[in-house]
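# Chain and residue survey
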Amino acid sequence: MAAEMLVVHELNKTFATPSGDVIALNRIGLQVKQGEFITIIGPSGCGKSTLLKIVAGLDTKYEGTVLVNGKPIDGPSIEKGFIFQEPRLFPWLTVEKNIAANLSLRKPEVRKRVDELIALVRLQGFERSYPRELSGGMAQRVAIARALLRSPDILLLDEPFGALDAFTRSHMQEVLLDIWQSNKTTMLFVTHDLDEAVFLGERVVIMNPRPGHIRSILPIDLPYPRKRAGHAFQELRHKVLNEFEKVEGPAVDEGAHI
Amino acid sequence: MSGQSVSRETAGKAAGSDWLSRIPRPLHGWIVPVLVVVVWQIVSGLGILSATLLPAPASIVKSFLALCASGEMAEHLSISIYRAGFGFLLGTSLGLLLGLSAGLGKLVEKTLDPSLQMLRTVPLLSVIPLFILWFGIGEFSKVLLIGLGAFFPVYVNTYLGIRSTDAKLYEVSRIFQYTRLQQVTKLIIPAALPNILLGVRLSLGASWLLLVVAEMMGTSAGIGYMIQDARAYSETEIVFVGIIMFAVFGKLSDSAVKLLETRWLRWRDTYKG
Ligand SMILES: Nc1ncnc2c1ncn2[C@@H]1O[C@H](COP(=O)(O)OP(=O)(O)OP(=O)(O)O)[C@@H](O)[C@H]1O
Ligand SMILES: [Mg+2]
């Protein structure tokens with residue numbers, strides 16, 4: 001029996017703002033199995049980041065049930081990795097020290113892993129650079145390497161590839177799939193890119209705004225590695241897109257990514 | 001072809017740049033002072049200026065050498081540096097300590113900060129009479145006055161620096177489960193460092209200022225006293241020597257902190273002009 005890694009049940013989240021309460025999440029329900037790859041797609045402001053932060057344990061003010069490994073969350077923990085929407089690097093640390101963060105590079109095993117990860121995200125030669133010397137996409141790759149260093153059981157990714165160009169993006173997607181398949185990491189991957197959602201996810205969670213809720217969850221029954229040009233891929237992509245067209249308002253980035 | 005274009009480029013550069021490029025770069029800052037001194041010396045030599053109002057540079061140098069030779073300079077300088085240094089260390093370390101506690105802990109912030117913020121607005125020179133009444137005009141009183149002047153810039157800026165730590169980076173530190181100690185040493189202090197160093201530079205300036213004030217309120221040694229004493233006997237060149245000593249040591253200490261800034265804040269991405 002595959003264990004439920006993550007259970008979200010009747011989750012509500014309201015932000016109190018000076019101009020009144022904002023319902024960010026409304027009755028969210030989601031069950032994720034150990035080792036599953038879930039993509040979450042939805043227009044801006046539908047509460048994707050809010051949901052991830054709650055699962056990460058960064059935000060503990062919510063109503064409802066959120067269980068990770070069967071236990072209610074009480075703050076961040078080592079088994080949960082997070083890649084933020086922005087790189088969020090420490091500006092005073094070099095690339096390699098940013099990846100190591102609070103681990104010491106003087107430990108040989110940390111040193112070795114950091115070097116491997118730098119190669120993985122293709123940043124060799126920039127180990128000693130400061131964040132200000134990096135492009136936005138390079139900085140985001142550092143952030144990705146930093147999250148991977150701790151080999152989390154569950155990786156929460158908030159539009160991690162949004163700042164990358166098409167080529168780097170598809171390379172990073174493949175890297176992520178490799179890591180997922182070899183480490184059996186449970187992935188919760190937020191994106192606003194239709195292709196990306198269908199290319200990566202075993203299931204696509206479609207969210208809608210005002211108030212943020214789950215519209216539907218579509219399984220993507222395609223074997224990996226997936227071919228974007230394939231007929232079945234395009235059909236599923238249309239199916240996801242149709243879910244959006246049922247609602248008015250700005251839909252997601254349909255994307256011209258090939 | 002390429003050689004030609006290179007040589008043309010360098011030729012254009014030489015023609016485009018002026019006489020400034022023939023003087024080594026580190027000396028650029030000295031051009032204006034040297035010119036002023038030369039003109040000053042010439043004008044003094046013509047006898048247009050009264051020597052008691054504006055003595056010639058040469059006589060200032062002469063009296064500087066005489067002061068050095070007699071050992072007076074060493075005596076005045078050492079006592080001044082001792083006062084300024086001791087007061088500065090006292091003020092900045094206390095400012096750093098309290099600034100850190102107010103920045104990191106709600107308790108100190110709520111109880112101590114309001115009073116300190118109020119005291120900060122009191123002009124320091126107005127409390128000098130109180131200092132003299134309470135502590136006399138001895139060394140203790142002087143060091144305390146300088147310490148008080150050095151305290152506030154470091155306190156305020158340390159506190160401010162800590163509170164301007166990026167909340168987004170704080171979230172990162174929570175995700176990686178930094179211990180509280182790691183949060184302080186690896187996140188908050190590095191983030192506050194630009195402000196802390198700015199505070200240190202400001203308090204250096206305050207220390208020199210208050211040193212002069214303290215040495216003029218009654219003492220028998222120190223550069224400030226030397227200036228005061230020379231004025232009484234109309235020895236204007238010694239007044240100049242004293243002022244120049246303040247300028248030199250003020251600049252030296254400021255450069256030391258600036259050096260730390262370039263070392264420690266290399267990561268900063270700021271407008272460089
Ligand atoms: N700290 C906050 N205070 C008040 N309201 C907030 C806060 N954070 C988020 N919200 C509100 O909650 C809603 C969801 O925000 P969230 O950041 O989760 O959206 P998102 O789906 O991640 O959007 P995007 O795709 O643009 O990143 C928005 O309407 C936003 O205004
Ligand atoms: Mg978001």
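Throughout what follows, the structure given in this document is the object of discussion. Per chain, residues are indexed from 1 in the order of the written sequence. All chains are assigned letters beginning with A, and all ligands numbers beginning with 1, in the order in which they are written. Confidence filtering applies because this is a predicted model: local features only for residues at pLDDT of at least 70, side-chain atom pairs given and counted only at 80 or more, and all residues used for totals across whole chains, interfaces and linings. Just so you know, side-chain values use all the structure's heavy atoms and leave hydrogens and water out.

### Things to note about the overall build of chain B
The helix and strand inventory of chain B stands at 12 helices and zero strands. In sequence order, chain B lays out its α and β elements as α-α-α-α-α-α-α-α-α-α-α-α. Atoms counted for the radius of gyration: C-alpha only. Globule rule: 2.2 Å times residue count to the power 0.38. In terms of C-alpha radius of gyration, chain B reaches 25 Å, well past the compact-globule figure of 19 Å for 273 residues. Three labels apply to residues, based on accessible area from a 1.4 Å probe with only protein chains included: buried if under 20% of the type maximum, exposed if over 50%, partly exposed otherwise in between. By the burial criterion, 37% of the 273 residues in chain B qualify as buried. Looking at chain B alone, contacts between residues at least 24 apart form 74% of all its contacts between residues at least 6 apart. Think of it this way: any DSSP run of H or I at least four residues long counts as a helix, any run of E at least two long counts as a strand, and we number them from the N terminus. Note on definitions: a residue-residue contact is assigned when non-hydrogen atoms from the two residues lie within 4.5 Å.

### Focus: the overall build of chain A
Within chain A, the regular secondary structure consists of seven helices and 10 strands. Relative to its length of 258 residues, chain A is compact, with a C-alpha radius of gyration of 18 Å against a globular reference of 18 Å. The principal-axis extent of the C-alpha atoms belonging to chain A is close to 50 × 45 × 45 Å. Looking at chain A as a whole, 55% of its 258 residues are labelled buried. Within chain A, contacts between residues at least 6 apart in sequence are counted, and of these 69% link residues at least 24 apart. Using a 1.4 Å probe, the Shrake-Rupley method yields the accessible areas, and only the shown protein chains count as cover for residues. With an accessible surface of roughly 11,800 Å², chain A has 53% of that area assigned to carbon and sulfur atoms. By the counting scheme adopted, Arg and Lys are positive, Glu and Asp are negative, and His together with the chain ends is not counted. Charged side chains are reduced to one point each, which is NZ for Lys, CZ for Arg, CG for Asp and CD for Glu. Here chain A contributes 32 positively and 32 negatively charged side chains, and the mean placements of these two sets differ by 4 Å.

### Some words on the coordination of the magnesium ion (ligand 2)
Summarising the metal site, the magnesium ion (ligand 2) is bound by the protein donors Ser49(A) (OG) and Gln85(A) (OE1), whose distances to it range over 1.9 to 2.5 Å. Linking Ser49(A) in helix H1 (residues 48-56) with Gln85(A) in the loop between strand S6 (80-83) and helix H2 (95-100), this pair joins segments that are 36 residues apart in sequence. Coordinating donors are taken as N, O and S atoms within 2.8 Å of the metal, stretched to 3.2 Å for Na, K and Ca; because water is absent from the atoms, sites can appear incomplete.

### Structural notes on the site of ligand 1
All names here are of chain A. Here, proximity means that at least one heavy atom of the residue falls within 4 Å of the molecule or strand. Contacts to ligand 1 come from Phe15, Thr17, Ala24, Ser44, Gly45, Cys46, Gly47, Lys48, Ser49, Thr50, Gln85 and Glu159. The backbone of glycine 45 places a nitrogen or oxygen atom 2.8 Å from an oxygen atom of ligand 1. For this analysis, a polar contact is any N or O atom pair within 3.5 Å, provided that within protein one partner can donate a hydrogen and the other can accept it, and provided that sequence-adjacent residues contribute only side-chain to side-chain pairs. Within the side chain of lysine 48, a nitrogen or oxygen atom sits 2.7 Å from an oxygen atom of ligand 1. Computed on the free molecule, ligand 1 has an accessible area of 630 Å², of which 63% lies beneath the protein chains in the complex. Contributing elements (two or more residues each) for the shell around ligand 1: strand S1 (4-17) and H1.

### Thoughts on the nonpolar core
Residue types Ala, Val, Leu, Ile, Met, Phe, Trp, Tyr and Cys, when buried and joined through side-chain atoms within 4.5 Å, form a set referred to as a nonpolar core. Counting 55 residues, the largest nonpolar core has Leu188(A) and Met207(A) as its most contacted members. At nine residues, the largest contribution of residues to this core is made by helix H10 (residues 180-216) of chain B. Formed by 51 residues, the second largest nonpolar core is a distinct cluster that contains Leu117(A), Val121(A), Ala197(A) and Leu222(A).

### Some words on the packing of aromatic side chains
Between rings of Phe, Tyr and Trp, where Trp is taken as its six-membered ring, a pair exists when centres lie within 6.5 Å; planes separated by under 30 degrees are stacked, by over 60 edge-to-face, and by other angles tilted. Following the criterion strictly, the structure yields 17 aromatic pairs over all chains and no others. Ring geometry for Phe90(A) and Trp92(A): centres 5.8 Å apart, planes at 35°, overall tilted. We note that Phe90(A), like Trp92(A), is buried. Seen from their ring centres, Tyr155(B) and Tyr159(B) are 6.2 Å apart, and the 10° between their planes marks the pair as stacked. Of this pair, Tyr155(B) and Tyr159(B) both sit in helix H8 (residues 139-163), four residues apart, roughly one helical turn. The exposure classification of Tyr155(B) matches that of Tyr159(B), with both residues buried. Joined through ring pairs, the aromatic side chains of Phe37(A), Phe161(A), Trp180(A), Phe189(A) and Tyr224(A) make up one cluster. Counted as over-ring charges are cases with an Arg CZ or a Lys NZ within 6 Å of the ring centre that also lie within 35 degrees of the ring normal. One residue, Arg150(A), lies across the ring of Phe176(B), its end atom 4.0 Å from the ring centre. The side chain of Arg228(A) reaches across the aromatic face of Phe199(A), ending 3.8 Å from its centre.

### What about the side chain of His76(B)?
With respect to the secondary-structure elements, His76(B) resides in helix H4 (residues 72-104). Those residues in contact with His76(B), other than ones at most four positions away along the chain, are Ala221(B), Gly222(B), Ile223(B), Tyr225(B) and Met226(B).

### Focus on the environment of Val37(B)
Among the structural elements, Val37(B) can be located in helix H2 (residues 31-45). Residues Val37(B) and Gly199(B), 162 residues apart in the sequence, show an inter-C-alpha distance of 34 Å.

### Quick look at the sheet that holds strand S3 (residues 37-41) of chain A
Residue and element names in this part refer to chain A. Should DSSP find at least two bridges between two strands, the strands are taken to pair. Spatially, S6-S7-S8-S3-S9-S10 is the arrangement adopted by the six strands of the open sheet, whose pairing is mixed. Both edges of this open sheet fall to S6 and strand S10 (213-219), since each of them pairs with a single strand only. On average, each strand axis in the sheet is tilted by 15° relative to the strand beside it, whichever way the strands run. With four bridges connecting them, S6 and strand S7 (residues 154-158) associate as parallel partners. Pairing of phenylalanine 82 across the sheet is with leucine 156, part of S7. In this analysis an axis means a line fitted to C-alpha atoms, helices contributing only their contacting stretch, and an angle means the value between N-to-C directions, from 0 to 180 degrees. Of the strands in this sheet, S6 and S7 touch helix H4 (residues 136-149), which is tilted by about 180° from S6.

### With respect to the pattern of salt bridges
Pairs may arise between side chains of opposite charge once their charged atoms sit close together. What counts as a salt bridge is simple: a side-chain nitrogen of Lys or Arg found within 4 Å of a carboxyl oxygen of Asp or Glu. Taken as a whole and judged by the stated rule, the model has 22 salt bridges over all chains. Between Glu96(A) and Arg111(A) there is a salt bridge, with its nearest N and O atoms 2.8 Å apart. You can see Glu96(A) sitting in helix H2 and its partner Arg111(A) sitting in helix H3 (residues 108-120), a full 15 residues away along the chain. Under the relative-accessibility criterion, Arg111(A) is labelled partly exposed at 24%. Here the salt bridges do not stand alone but share partners, grouping Lys53(A), Glu86(A), Arg88(A), Lys168(B) and Glu171(B) into one network.

### Focus: the side chain of Gln183(B)
Residues and elements named next belong to chain B. Among the secondary structure elements, glutamine 183 is positioned in helix H10. With relative accessibility at 7%, the residue glutamine 183 sits in the buried group. Beyond its immediate sequence surroundings of up to four residues, glutamine 183 is in contact with Tyr170, Ser173, Arg174, Tyr178 and Ile188.

### Some details on the interface of chain A and chain B
At the interface, 22 residues of chain A touch 18 residues of chain B. Summed over both partners, the accessible surface that disappears when two parts come together, traced with a 1.4 Å probe, is what is meant by buried area. A combined buried area of about 2,100 Å² lies between chain A and chain B, and 62% of that area is made up of carbon and sulfur atoms. Contact with chain B buries area across many residues of chain A, yet Trp92(A), Asn102(A) and Arg132(A) alone supply 33% of it, more than any other trio. If you look at where chain A meets chain B, you find three salt bridges. Ionic pairing is found between Glu171(B) and Lys53(A), a salt bridge with its closest N-O pair at 3.7 Å. Across the chain A-chain B interface, the total number found is 12 residue pairs in polar contact (both at pLDDT 80 or more).

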